[in-house]
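Topology and contacts: notes
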2 protein chains.
Amino acid sequence: MGGGLRADRRADRRDARDAEEHTGRDAMTTTIAFIGLGNMGGPMAANLVKAGHAVRGFDLSPAAQDAAREAGASVAASATEAVSGADVVVTMLPAGRHVKAVWEEILPACAAGALLIDSSTIDVDSARAAHAMAEAAGCLSIDAPVSGGVGGAAAGTLTFMAGGSDAAFAEAKPVLEAMGRKIVHCGGPGAGQAAKICNNMILGISMIGVAEAFALGETLGLSHQALFDVASTSSGQCWSLTTYCPVPGPVPTSPANNGYEPGFSAELMLKDLRLAQAAANTTGAATPLGAEAAQLYALFAGQGHGGRDFSAIVEWLRGMGVGK
Amino acid sequence: MGGGLRADRRADRRDARDAEEHTGRDAMTTTIAFIGLGNMGGPMAANLVKAGHAVRGFDLSPAAQDAAREAGASVAASATEAVSGADVVVTMLPAGRHVKAVWEEILPACAAGALLIDSSTIDVDSARAAHAMAEAAGCLSIDAPVSGGVGGAAAGTLTFMAGGSDAAFAEAKPVLEAMGRKIVHCGGPGAGQAAKICNNMILGISMIGVAEAFALGETLGLSHQALFDVASTSSGQCWSLTTYCPVPGPVPTSPANNGYEPGFSAELMLKDLRLAQAAANTTGAATPLGAEAAQLYALFAGQGHGGRDFSAIVEWLRGMGVGK
C-alpha cells in the first residue's frame, strides 16, 4: 500500500462523513468522478445523480457531455480535473488499454485514499495492472464489470461482478447499489473480470449449442415448439433457450421476435469471447469450445452481422447447412 | 396403412375393452410384451406390472429373465413368443440395428393393429425405417426414447419423447404413463428421437462449456462458488451448472460430490452426440460445436473415462491445461 499517511487521510475523511451523519446531513452524498459517458456510462452516471451524489463527468464526445449535463452532472474539461478532490472515480471505457492510460493519467490527481471503480469489460491482465497502479498510488480499487446492457444501465438494474479487497468492496458497494440491483464480490483483484468472461463464455457456447439444436431439429422435421417444450423442462434447459430463445415463437420477449435487434450484439459477444481466450492464453487453460465459439462469432461478425443480436447466429448456422 | 381389415380388428379390440369397462372389470389391463430387460428395460417392465398390466418379457440374459420373473412378469422363450397376442410391444435395445432386426423378426407374429413402442435411443433414420416396417405390417408405432436414467426408470419418473401419429400416441400414452411422469408428443415418426438427440446435444455442449469456465476460472483465481453465484443467476445459467454442477460444492447432489459415479456416463453422452452427428450428416445440418463436443467426449472416453459421469470431463480439461 502507499503508506500510512494516505490511509490516515482516508480515515480522516471517514470520520468527517460520520460527523456529517451525526449532524443529520446526507451522509451518502459523495463526490464521484465519472469518466466515459457513453451508451452505458451515461445512464449509469445519471443514476448516481438521482441517488444524490455530486457527479463530475468527463467524456471526449460533446453529445455525451450535453446528455450528462441534462442528467444533472457537472462536466469537467479533462479527466484530471474531474477526479480532483473526488471521493470515488468510476471509469467506463472500451478496452484495457484505455483504462490503463486513463488511470495512469488521473492517479496523480486523485485524492489520497480515493476509491477507483472500473466498470469496463476488459482483459484480466489489464485489470490487474490497473489495480497495481492504484495500490502504488495509495488508492483503493475495484474491477466491477456489469451485465444487463443499456436497458439495465438506464433502469439501474445492472449486475456488478466485483474484484478487489474486502475494504475496497465495502466502500464500493453503496456506490454500485445506486446503479445496479445485484452486487457480487467475486474475489481479489481481477476476479470481477474473470467472473464476467467465464459467465459470458458459457453464454456464447450455450447460445451456439441451442442454435445448432434448432437448426438440426428443423432438418429432422422437429418443430421449434416441440424442441422448446422438451429441452426447456429437461437437461437442455439454459438461459439461451428459456429466456433468450434464438427462434421466434416460444419466448415472445426474445430478440428473435424483433428482427434480432440487440439486445446484446454479436460484436460484444465476440469481444467477451476474445477476452476469455486472451485469459486462457495467459494462464494455459484448455477451452476448446470457447475457442471455437470465438471463431464462429468472428466469422458471423466478419460477414456483416456484428451489429445484430448474438442470437441471430441461428440464421447463419441454418444457412450453412447443405444437402437439405 | 396396412388395410381396412386390420384397422377393423383394432376397432373390435377397442369395442371389447369398452365392453369390459361397462362390466366393471379393469379396462386398463393390457397384455404387453417387453423385449430388452436390461438396466433400463427391467425396471420399466416392473412398473408396467405394478400398473396392473400382464407383462410378457424377453431378454437373452438369464439374470434379466430372473429379475423380470421376480417383478411379476412372465418370461417368453423367444421374442416372437412374447409378442403373440400382445396388445402392445415395447422394445428397449442398444442401437438402431437391434431395433430393426427385432421388429423384422416379431412383426409377422404381432396381432393386427398392435402398438409397437420403441423406447431405445437410436438414430433417426433407423427409427423411421422401423416405423415404416410397422406401418407395412398394419401395426401402430411410436418412437419414445426416455430421459431420466436408471433412477427414473426404477421410480417411474422418466420423460418420454414420442414420435408418431396422433392415433398411435393416443394408444401409447396410458402405457407410457405407467413408466414415466412426463410424456411429450414431439411430432411424427422419428420426432421423439430427434428431440432427444437435439436436447442431449445442447446438454453435452453446455456441460463442456461449464467445465471450461470452471477450469479457466481456476487458473484466474476465481473460486468455484463465486463463479457459481454469478453464472447461476445470470445469462450463463443452465442445467449443467445449476442442477448437475461439474465441480464439488455448489450443488451437493451432483455426481461431482460422489467421485463422478454416474449419473449419466460419458459413453452414453458420446453415443447421443454421435447420433446427433449421424443425423446432421444425413440432413446436412451444420453443428460445429456438436461435432467438437462429440470429438471431446470420444477423446475422454477413449482415454479410459467412458464409465465415469459425463461431468467428470472438467477434470480432464483441467488436466489438459499447461502453463499454470
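Residues numbered from 1 in each chain as written. Chains lettered and ligands numbered in written order. Predicted model: local features only at pLDDT ≥ 70, side-chain atom pairs only at ≥ 80, totals over all residues. Heavy atoms only, no water.

Residues and elements named next belong to chain A. All of the buried residues in helix H3 (residues 62-70) are Ala 64, Gln 65 and Ala 68. Viewed end-on, H3 has its buried residues packed into an arc of 100 degrees, placing them on one side of the element. Exposed side of H3, more than 90 degrees from the buried face: Pro 62, Ala 63 and Glu 70 are the residues found there. In this structure, the buried side of H3 is in contact with strand S3 (74-75). Of the residues flanking the start of H3, the one acting as N-cap is Ser 61, its side-chain oxygen 3.3 Å from the backbone nitrogen of Ala 63. Phi turns positive one or two residues past the end of H3, at Gly 72, with a value near 105 degrees. (Buried < 20%, exposed > 50% of the residue type's maximum accessible area, 1.4 Å probe, protein only. Helix = DSSP H or I, 4+ residues; strand = E, 2+ residues; numbered from the N terminus. Arc of directions from axis to C-beta. Contact = heavy atoms within 4.5 Å. Polar contact = N/O pair within 3.5 Å; in protein donor to acceptor, adjacent residues only side chain to side chain.)

To continue, consider the side chain of Asn 47 of chain B. Residues and elements named next belong to chain B. For Asn 47, the location among the structural elements is in helix H2 (residues 41-50). A polar contact of 3.5 Å, which involves the side chain of Asn 47, links it to the backbone oxygen of Ala 154. When sequence neighbours within four positions are dropped, the list of residues in contact with Asn 47 reads Ala 153, Ala 154, Ala 155, Gly 156, Ala 178 and Met 179.

Take empty space enclosed by the protein next. All names here are of chain B. Applying the stated criterion across every chain yields a total of three cavities of 30 Å³ or more. Elements with a minimum of two residues in the lining of the largest cavity: helix H9 (191-219) and helix H14 (313-320). By residue number, the principal contributor to the lining of the largest cavity is H9, which donates four residues. (1 Å grid on protein atoms, 1.4 Å probe; cavity = no way out; pocket = protein on both sides within 12 Å on 5 of 7 lines; lining within 4 Å. Points joined across faces, edges and corners; volume = space filled by probe spheres on them.)

Residues and elements named next belong to chain A. Pro 262 connects to Gly 263 through a cis peptide bond whose omega is 15 degrees. One can find Gly 263 in the loop between helix H11 (239-242) and helix H12 (266-283). Not every positive phi belongs to a glycine, and Tyr 260 is a case in point at roughly 60 degrees.

Moving on, we come to the nonpolar core. One finds Tyr 297 of chain A together with Tyr 297 of chain B to be the most contacted residues of the largest nonpolar core, which totals 115 residues. Tyr 297 of chain A has contacts with Gly 204, Met 207, Ile 208, Ala 266, Met 269, Leu 270, Leu 273, Phe 310 and Ile 313 of chain A, leaving out every residue within four places of it along the chain. (Core = buried A, V, L, I, M, F, W, Y, C linked by side-chain atoms within 4.5 Å.)

Time to look at the interface of chain B and chain A. Across the boundary between the two partners, chain B contributes 61 residues, which contact 61 residues of chain A. Overall, the association of chain B and chain A removes approximately 5000 Å² of surface from exposure, summing both partners, and the carbon and sulfur fraction of that is 69%. One can count zero salt bridges joining chain B with chain A. The interface formed by chain B and chain A contains 17 residue pairs in polar contact (both at pLDDT 80 or more). When residues of the side of chain B that touches chain A are traced back to their parent elements, those giving at least two are helix H6 (124-136), strand S9 (180-187), H9, helix H10 (224-231), helix H12 (266-283), helix H13 (288-305) and H14 of chain B. Looking at which element gives the most residues to the side of chain B that touches chain A, the answer is H9 of chain B, with 20 residues. Of the residues that constitute the side of chain B that touches chain A, the class distribution is 38 nonpolar, 17 polar and six charged. (Buried area = accessible area lost by both parts, 1.4 Å probe. Salt bridge = Lys/Arg side-chain N within 4 Å of Asp/Glu carboxyl O. Nonpolar A, V, L, I, M, F, W, Y, C, P; charged D, E, K, R; others polar.)

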